[in-house]
Amino acid sequence: MSLKRHGGWLLLATVFAYMWLLNTWTPLHRDDYEYALIWNTTQHLHSLGDVFHSLARHYLQHGGRMVSFFILDSFLLVDKALFNIANALAYTWLVLLLCLHSRCRSGAPEWWRVAAAALGLWYCVPHYGEVVVWMCGSTVYLWTACLMGTFLLPYRLTRTGTLPGRSAVTVPLLFLAGLLAGWSVENAAVATIFLAAFATWRLYRKGLARPWQYSGLAGALLGFVALAAAPGNFVRSAEVSAGIARRLGNQFSGTGEMLLYVLPLLLLFGIFYRLYRKRTVPTGRSFYPYLAGPAALILAYSYATDGRIGRMFGEAIIRYVLLPLDVTRPKVLARVMNTASGLEEMLFYLLLIGLLYITVRRLLGTAQNDLPAPTFPDRRFACLCLAGAAVNNLAMIGAPTFPARATFFAVLLLLTGMLALANDPALRAHFARQRRALLIPALAVTVPFLLLTAYYSHALNRIDAARLEHILAVRAAGETVAVVDAVPVSQRMLRHIFYVDWDNPVSRGGLMRYFGLTELHIRPAKPD
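Calculation rules
Residues numbered from 1 in each chain as written. Predicted model: local features only at pLDDT ≥ 70, side-chain atom pairs only at ≥ 80, totals over all residues. Heavy atoms only, no water. Helix = DSSP H or I, 4+ residues; strand = E, 2+ residues; numbered from the N terminus. Buried < 20%, exposed > 50% of the residue type's maximum accessible area, 1.4 Å probe, protein only. Areas by Shrake-Rupley, 256 points an atom, 1.4 Å probe, with all protein chains shown as cover. Expected span 1.5 Å × (residues − 1). Contact = heavy atoms within 4.5 Å. Axes fitted to C-alpha atoms, helices over the stretch in contact; angles between N-to-C directions. Parallel < 35°, antiparallel > 145°, perpendicular 65-115°, else oblique. Nonpolar A, V, L, I, M, F, W, Y, C, P; charged D, E, K, R; others polar. Patch = residues over 30% accessible without salt bridge, like charges linked within 9 Å, V, L, I, M, F, W, Y side chains within 5 Å. Salt bridge = Lys/Arg side-chain N within 4 Å of Asp/Glu carboxyl O. Left-handed = near helix turned anticlockwise from the far one by under 90°. Arc of directions from axis to C-beta. Pairing = 2+ DSSP bridges. Lys, Arg positive; Asp, Glu negative; His and termini not counted. Phe/Tyr/Trp six-rings, centres within 6.5 Å; stacked < 30°, edge-to-face > 60°. Lys NZ or Arg CZ within 6 Å of the ring centre and 35° of its normal.

### Re the overall build of the protein
Item 1. In terms of helices and strands, the protein carries 24 helices and 2 strands.
Item 2. Relative to its 528 residues, the protein shows a buried fraction of 47%.
Item 3. Surface accessibility of the protein: about 25900 Å² in total, with carbon and sulfur atoms responsible for 66%.

Right under this line is the structure:
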C-alpha cells in the first residue's frame, strides 16, 4: 500500500477512531438532559411524535434551530452508542470537506492536507469539546457545518468548471440542501448565503449560471427566514436585551477571542505573504526558544495545578494598583482575580505560538534560496474565505451575546483559505525540504495532548457514571433528594473536554427534571 496514495484515507480512519473514543467517553451533559424532555415539560421523549411536539414548543418558546435540534432529539431517542459513531463520522466528513474545498479537484486526499486540516481543527477551534464532542453542542455546530459545507461544495466546484449535470433531481436536491443549510445556525447561515450568492453572481456575469444555483440559493434564503422568524427568538431576545453599544462591544470580545485561537493561522498567512512579495524571511539566531520553552513548562505546571502564578499576579494588581486607588468593591476585585486566573493559559499559548512561528520562519527561510517565490493561484479564494469569516462574525450584531463558539464556521473558513494557499507548488517545495523538521515537533506537542484528553475523558466518564448510578438508586428508593461528590479531577489545560460540574443552575436544572429530583447537593471535593 502506497503511503502517498492511501495515506490520506489512513489518516481519516485514524481521526474517526480517535473521535469515536472521545464521543464514547463523553457522557450526556447539561442541555442534553433538557432536550431529552419535551421542551419545557418533565415528559421524556419516547417517539418521533414526541420529537416533533417538542420541536414545535421550542420553535414557539425558545428558538428556530429546528434542523440541529431534530438531529439531537432523534439521537436522544436511541442508545448513545449510535451517536458516538455518527458524530465521529460527521467530524471525519468535516475534515474531508476542508480538503475538498481547499483542493477543488477529485482524487484521494493528500496525507499532508488531511494532517493539516485535522491539526488546524484541533488547535484553532474555540471551545473544541463544546462544539464537536458534546452531544448538544456538536449537533448545533459540527453537524450544521457539515450541512453548510456540503451545500457549498457544488458552488465551490464551479471554480474548476466541474458543474453538476442538468438531471431532473439536481434543482430540487440543491433546494433541499440549501433549505437545511439556511435553517442551521443564524450567523453561519448568513455567511453560507453570502458565499453561495457570490459564486452564483460570478457565473451569472459570465452567462454560465445554472438553475440549480438559483434553487439552492432560494432554499437557503427560505431556510434562513424560517430560522430567524421563529417566535421563540423574540421571546428569548426579550429576556436578554442589549443595546447597539453592547452589540458592537460583543464584536470585539467574540472576534478577539477567535483571533487568539487562530493566531497560528494568522502567523502562517503572514509568512505566506512575505514569500509572495519575494521578501527574505529572517533566519537569524534567536534566544527566544531557549527562554520560551522552560517558561512554557513552568506556566503549564502552574495552570494545571493550583494556578499560583495567576493568583500572585492578581493579588499584586489588587495590592499595588487597586487598593492605592481606593478601588475596593468586591465585584471588581473578584473580576480581577478571575481574569488573572487565566494568565498562565494565555501566556503558555502565546509562547507556544511564538515557538511555532520562529521554527516555521527559519525553516522556510533556509529553503527559499534556490526556489522560486510562490504565486498563490488560490489567493482570491483565500480572500473570499476571509470575507465569509468576517460576515459570519458581523452577523452576530443581531444577537445580544457573542460567545466564542459562534465563530466556529468563521474558523473553518479561515482554515480552508490557508489550506488553499498551500496548493502552490513552490510553497509545497519549501515545506517538503523540511518535512521531518516540521513533523517531529508537531507530533511531540500533539500526541501528549491527544493522550491526556482521552485519559481525562475516560476518567470523567467513569465519575459521571458512578454519580448517575447513585441518583438512580436514590430514585429507586422513592427519594427525590440526592447528594453526590464534586468532580475530583482537575483538567484545566484540556479545553478539548467539555464537562462542567453540577454545582450550577445550567448543569443541575435539566438533570434534576430528567431524573425527577427536587434537590441535588454537591459535596466539595476533598483537598489533596
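### Some thoughts on unusual backbone geometry
Item 1. Even without being glycine, arginine 30 reaches a positive phi, approximately 50 degrees.
Item 2. Positive phi, close to 55 degrees, is recorded for histidine 127, a residue that is not glycine.
Item 3. Along the chain, histidine 127 turns up in the loop between α6 (111-124) and α7 (128-132).

### Thoughts on helix α12 (residues 211-228)
Item 1. For α12, built from 18 residues, the straight-helix expectation of 26 Å at 1.5 Å per residue is met to within 8% by its first-to-last C-alpha distance of 26 Å.
Item 2. Every buried residue of α12 is listed here: Trp212, Gln213, Ser215, Gly216, Leu217, Gly219, Ala220, Gly223, Ala226 and Leu227.
Item 3. Contacts from the buried residues of α12 go to α3 (48-61), α9 (142-157), α10 (170-182), α11 (186-205) and α13 (231-239).

### Describing the packing of helix α20 (residues 379-394) against helix α21 (residues 408-421)
Item 1. Two elements in contact, α20 and α21, have axes separated by 8 Å at closest approach and are oriented at 170 degrees. The orientation of α20 with respect to α21, classified from their angle, is roughly antiparallel. Of α21, the residues touching α20 (which contributes Arg379, Phe381, Ala382, Cys385, Leu386, Gly388, Ala389, Asn392 and Asn393) are Phe409, Ala410, Leu413, Leu414, Thr416, Gly417, Ala420 and Leu421.
Item 2. Taken together, the residues of the contact of α20 with α21 sort by class into 11 nonpolar, 5 polar and 1 charged.

### Thoughts on a nonpolar patch on the surface
Item 1. The grouping of Phe198, Trp201, Tyr204 and Tyr214 at the surface amounts to a nonpolar patch, some 460 Å² of accessible area in total.
Item 2. With 3 residues, the top contributor of residues to the nonpolar patch is α11.
Item 3. On the secondary structure map, tryptophan 201 appears in helix α11.

### Examining the packing of α9 against α10
Item 1. For the pair α9 and α10, interaxial distance at closest approach is 8 Å and the crossing angle is 140 degrees. Put simply, α9 runs oblique to α10. In this structure, α9 meets α10 at a crossing whose hand is left-handed. Touching Leu147, Met148, Phe151, Pro154 and Tyr155 of α9 are Leu174, Ala177, Gly178, Leu180 and Ala181, all from α10.
Item 2. Class assignment for the residues of the contact of α9 with α10 results in 9 nonpolar, 1 polar and no charged.

### Let's talk about the pattern of salt bridges
Item 1. Overall, the coordinates contain 7 salt bridges when judged by the stated rule.
Item 2. Notably, a salt bridge pairs glutamate 110 with arginine 103, separated by 3.0 Å at the nearest N-O pair.
Item 3. Residue classification places arginine 103 among the buried residues on the basis of a relative accessible area of 12%.
Item 4. For arginine 113, the salt bridge identified is with glutamate 110, shortest N-O distance 2.9 Å.
Item 5. Residue classification places arginine 113 among the buried residues on the basis of a relative accessible area of 1%.
Item 6. One salt-bridge network, in which partners are shared between bridges, spans Arg103, Glu110 and Arg113.

### Considering helix α22 (residues 425-432)
Count 3.6 residues to each turn of an α-helix, and residues three or four apart come out pointing the same way.
Item 1. Buried within α22 are the following residues: Ala426, Leu427 and His430. For α22, the arc enclosing every buried residue in end-on projection is 100 degrees, short of the 170-degree limit, so these residues lie on one face.

### What to know about the pairing of strand β1 (residues 481-485)
Item 1. Side-chain alternation along β1 places Ala482 and Val484 on a buried face and Val481, Val483 and Asp485 on a face that remains uncovered.
Item 2. Sheet analysis places β1 next to strand β2 (residues 519-523), joined by 5 bridges and oriented parallel. Bridging from a neighbouring strand, aspartate 485 pairs with arginine 523 of β2.

### As for the side chain of aspartate 73
Item 1. Mapped onto the elements, aspartate 73 comes out in helix α4 (residues 66-76).
Item 2. For aspartate 73, which is buried and forms no salt bridge, the nearest opposite charge comes from arginine 57, at a distance of 11 Å.
Item 3. In contact with aspartate 73, other than residues within four places in its own chain, are Tyr35, Leu45, Val51, Ser54 and Leu55.

### Thoughts on the packing of aromatic side chains
Item 1. All chains considered together, the criterion is met by 16 aromatic pairs.
Item 2. Aromatic side chains tryptophan 122 and tyrosine 128 sit 5.0 Å apart centroid to centroid with 65 degrees between the ring planes, which places their arrangement in the edge-to-face category. Considered together, tryptophan 122 and tyrosine 128 belong to a single accessibility category, that of buried residues.
Item 3. Among the aromatic residues, ring-to-ring pairing joins Tyr18, Tyr91, Trp122 and Tyr128 into one connected group.
Item 4. In this arrangement the basic side chain of arginine 156 is found over the ring face of phenylalanine 381, its NZ or CZ atom lying 3.5 Å from the centre.
Item 5. Looking at arginine 467, its charged tip hangs above the ring of tryptophan 502, at a distance of 3.9 Å from the centre.

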